Amino acid sequence: MGRTRFVVLIAVVAVLLVSFSLFLQGTVLAFSTLYDSWQETFTNGIQSQRGSLAVEFLEIVSTMLKAVVFYLIGVGLYSLFISPLNLTSALGVESLADLEQKIISVIVVILGVTFLEHFVRWKDPLDTLYFAGAFALAGGALVFFQRVHAGQGSDLQQPEAKLRARRELFEHDDEQRHIEEEDVMRAAEATEKKTDEKVKAEAGAES
């Protein structure tokens, strides 16, 4: 039954293809926007780029951030179900809860960029106000969810483990993450500490 985890590879490949596609589209959009903007500048002057240029560049940023979301999902699922990677450890993604936290963080940034893009256009003030209210509700709900679940990720998420993973990845070009015995011991100690704190909290509530 344990080998059924390899079915996750289907999702990993699909999500990474979406990510690579968005990165490529963002790159093409960036070159196209740069070419058109400079051509318009040389033809009609720099004044012709006021307002519209910022919106076009924000669209590029939004596309790249969406690609990052799918990339995090892909490598995160691979590391969690197939084989641990130094990359995900260096990014602090060592459990599904950690992956959720990272994705929510990027989504909140995307919401902010999208609203800024809409704000720069400033066509209808009332519509912009409704748009801001909707984004505030969505972003607030995501931030609240993130705060509620903060600290409920992996016990292996230690600063030393992150630094070691970054050194092995960037200095020694080692993709595979090796879980050291000290990491396991720290995870056991952290789990035991959390259990003790929970028991004390329950005892205090009963008294």
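Below is a summary of the structure that appears in this document. (Residues numbered from 1 in each chain as written. Predicted model: local features only at pLDDT ≥ 70, side-chain atom pairs only at ≥ 80, totals over all residues. Heavy atoms only, no water.)

### Thoughts on the environment of Gly92
Assignment of secondary structure puts Gly92 in the loop between helix 3 (86-91) and helix 4 (96-121). Accessibility expressed as a relative area gives 1% for Gly92, which makes it buried. As a C-alpha pair, Gly92 and Lys102 span 10 residues in sequence and 8.5 Å in three-dimensional space. (Helix = DSSP H or I, 4+ residues; strand = E, 2+ residues; numbered from the N terminus. Buried < 20%, exposed > 50% of the residue type's maximum accessible area, 1.4 Å probe, protein only.)

### Remarks on the packing of aromatic side chains
Applying the stated criterion across every chain, the model contains one aromatic pair. Measuring from centroid to centroid gives 6.4 Å for Phe115 and Phe135, while their planes differ by 45°, and the two rings are tilted. With Phe115 in helix 4 and Phe135 in helix 5 (residues 125-148), the pair connects residues that are 20 residues apart, well separated along the chain. Using a relative accessible area of 25% as the deciding quantity, one classes Phe115 as partly exposed. (Phe/Tyr/Trp six-rings, centres within 6.5 Å; stacked < 30°, edge-to-face > 60°.)

### Thoughts on the nonpolar core
In terms of nonpolar packing, the biggest core is built from 16 residues, with Val12, Leu65, Val69, Leu77, Leu99, Val106 and Ile110 touching the most fellow members. Counting only elements with at least two residues in this core, the list comes to helix 1 (8-44), helix 2 (52-81) and helix 4. Residue contributions to this core peak at six residues, all from helix 2. Apart from residues lying up to four places away in sequence, Leu77 is in contact with Val8, Val12, Ile82 and Leu99. (Core = buried A, V, L, I, M, F, W, Y, C linked by side-chain atoms within 4.5 Å. Contact = heavy atoms within 4.5 Å.)

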